[in-house]
Amino acid sequence: MSFIEPCPCVKVRKEHGEEVRLALKAANLLRTDLRIQHDDEFVYLPLTAEQVLEAAELNVEIELCNREFEALDKSSIVELTGLKPSYEIVGDIAVLTTELPDAEAVASAILKLHRNIKVVARRKSHVEGVFRRRKIEIIAGEQRTETMHKENGCRYKLDLERVYFNPRLATERARVASLVAPGEVVIDMFAGVGPFSILIARRVPESRVIAIDINPDAIRYLRENIRLNGVTNVTPVEGDVRMLHSEFMDTADRIIMNLPGNAHEYLPEAIGMLKPEGGTIHFYTVESMNRGEASSALLDKAKQKFMMYLRDASAEILAARKVKAYAPYAYIAGIDAKVYKQVHGGGRRNVR
Ligand SMILES: C[S@@+](CC[C@H](N)C(=O)[O-])C[C@H]1O[C@@H](n2cnc3c(N)ncnc32)[C@H](O)[C@@H]1O
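Quick notes on the rules
- Residues numbered from 1 in each chain as written.
- Predicted model: local features only at pLDDT ≥ 70, side-chain atom pairs only at ≥ 80, totals over all residues.
- Domains from an automatic or database assignment.
- Contact = placed C-beta atoms within 7 Å.
- Nonpolar A, V, L, I, M, F, W, Y, C, P; charged D, E, K, R; others polar.
- Pairing = 2+ DSSP bridges.
- Helix = DSSP H or I, 4+ residues; strand = E, 2+ residues; numbered from the N terminus.
- Near = placed C-beta within 6 Å.
- Axes fitted to C-alpha atoms, helices over the stretch in contact; angles between N-to-C directions.
- Buried ≥ 20, exposed ≤ 12 C-beta atoms within 10 Å, placed from the backbone.
- Right-handed = clockwise from strand over helix to strand, strands pointing away.

### A short note on the domain arrangement of the protein
Now for step 1: Domains assigned within the protein are domain 1 (4–73), domain 2 (78–144) and domain 3 (164–340).
Now for step 2: The interface of domain 2 with domain 3 comprises eight residues on the first partner and six residues on the second.
Now for step 3: Residue classes in the side of domain 2 that touches domain 3 are distributed as five nonpolar, no polar and three charged.

### As for the sheet that holds strand E1 (residues 4–13)
Now for step 1: Pairing is antiparallel across the open sheet formed by four strands, whose spatial order is E2-E3-E1-E4. The open sheet has two edge strands, strand E2 (37–38) and strand E4 (62–70), and neither has a second partner.

### Concerning the site of the ligand
Now for step 1: If you check the shell around the ligand, you find 21 residues, and the closest are Phe190, Gly192, Ile214, Asn215 and Val241.
Now for step 2: Taken together, the elements giving at least two residues each to the shell around the ligand come down to strand E12 (208–213) and helix H7 (241–244).
Now for step 3: Of the residues contributing to the shell around the ligand, the split by class is 14 nonpolar, three polar and four charged.
Now for step 4: Each of domain 2 (78–144) and domain 3 (164–340) accounts for three or more of the residues forming the shell around the ligand.

### So, the sheet that holds strand E13 (residues 234–238)
Now for step 1: With mixed pairing, seven strands are arranged side by side in an open sheet as E13-E12-E11-E14-E15-E17-E16. Each end of this open sheet is capped by a strand with a single partner; those strands are E13 and strand E16 (314–327). Each adjacent strand pair in this sheet contributes to an overall mean axis angle of 20 degrees, direction not counted.
Now for step 2: Against the sheet, helix H6 (residues 216–228) makes contact with E12 and E13, and its axis sits at roughly 165 degrees relative to E13, the strand it touches most.
Now for step 3: Across the sheet, helix H9 (residues 295–308) is in contact with strand E15 (279–288), E16 and strand E17 (330–340); its angle to E17 comes to roughly 45 degrees.

### A look at the pairing of E15
Now for step 1: Burial within E15 is extensive, with eight of its 10 residues counted as buried.
Now for step 2: Of the pairings in the sheet, the one linking strand E14 (residues 254–257) to E15 comprises four bridges and is parallel in character. Pairing of isoleucine 255 across the sheet is with isoleucine 281, part of E15.
Now for step 3: This β-α-β element, E14 to helix H8 (residues 267–273) to E15, shows right-handed connectivity.
Now for step 4: In this structure, E15 lies alongside E17, joined through 10 bridges in antiparallel fashion. If you follow tyrosine 284 over to E17, its bridge partner there is glycine 334.

### Looking at the environment of valine 339
Now for step 1: Here valine 339 lies in strand E17.
Now for step 2: Owing to 22 C-beta atoms within 10 Å, valine 339 belongs among the buried residues under this scheme.
Now for step 3: Each C-alpha atom of the pair valine 339 and threonine 280 lies 6.0 Å from the other, and the pair is 59 residues apart in sequence.
Now for step 4: In this structure valine 339 touches Ile271, Leu274, Gly278, Gly279, Ile281, Ala313 and Ala315, once residues within four positions along its chain are discounted.

Below you can see the structure in the form of C-alpha cells.
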C-alpha cells in the first residue's frame, strides 16, 4: 500500500525538469521520499520547504503549488534519483563502480535505503601496483575506508584503500574450500586479507594453510582476521613468494594462485612448492574475449597459457570456468589442474 501526502511543490515545464530537480537537490530542497509527478507538459517536484526556495537559484520560470504525492516508502534508487547505479558492497561501504552524472544524489539514496551502509565511495583508480590496491573517494557518510565484511560465514576486517578485496569472488572461494580434504597442506600464494585461507581453515580444521602476501597491510589484517575467526591452522607469511618459496619446497597438496594478471609468471615457484607426487593448482588468469566469441574460446586461451608456463611439469586440467568479468570483453578465468612435477605417465600433457 502506498501513502499519499499533500506537499508544496515546484511546477516546471518538462524541458527544464532535470535542471530544476538538480538545483533543488543541491539546495536540499527536494523531498526524495515522495514520487515526482509528471503530466504532458509539466513536472511537479515536491519541496522540503517552499519559503527558502531562492536558495536553489533557479533561472527558469517556475510556479509554486500544492499537490498530493505518493510516498516512496519502499522506493528504489532509480525512483529516488532517476539513475541506475552499479555498486558493490564491502562490509558497510558501498563503492560505485561506474561514473554517474549525479553521484552525490545516488550516494544519499543508497544511505537512505540501506540502513546497514554507512559510507558511500567511488572508484578513483584501477587496481594498481604489486599490492593490487585501488584509490577510492568517499562521497557520503562516515569518513573511513576500513570496514568489516562478512562472507561465507567468516568475518574479514580490511581497508579498501590499503588491500585488495573483491566480494564477487565469494562463490569461487566457497567452491575451492569445498574441495579441500582433511590433512591437506594448502599454500595460498597471494592471500590478501585471507578470504581463501581462513575459509579453508574454518571448513577443514584438519588442514594446514600457509598464507603468503607481499603487502604488509594485507598481512596485518590477515593476522587480525585469523584471530577474529578463531582459526589456529593458518600461518601468515609476509614477503615476496618468489624470494621465500624455497622455504616451502615439496610441501603443498594444493596451491591457490589468485593473482590474475601475473599468476603464470609464478608457476615455476608453485610447482616447486607442490609435494613430490604433485598436487592441485587453482590458477586464475585474465583473458580477453572478442565480441561474439564463445566462452569456450576464452577458456581454451586460459588453458593454453597455463600449459605453456608449466615448463618441465605436466598437468591434467580438471575444470575451467569464467569466474567474473574483469573489463569490457575480458574475464578472469579459473583453472583447476592436477600438476605433476615432471612429465608424467609417458609425457602426458592433458588438456581436457
Ligand atoms: C588479487 S589479490 C588476491 C588477494 C586474495 N587472494 C583475495 O582473494 O582477496 C593479489 C595479492 O597478491 C599479493 N602479491 C602480489 N605479488 C606478490 C608476490 N610476489 N608475493 C606475494 N604476494 C604478492 C598482493 O599484495 C595482493 O594482496
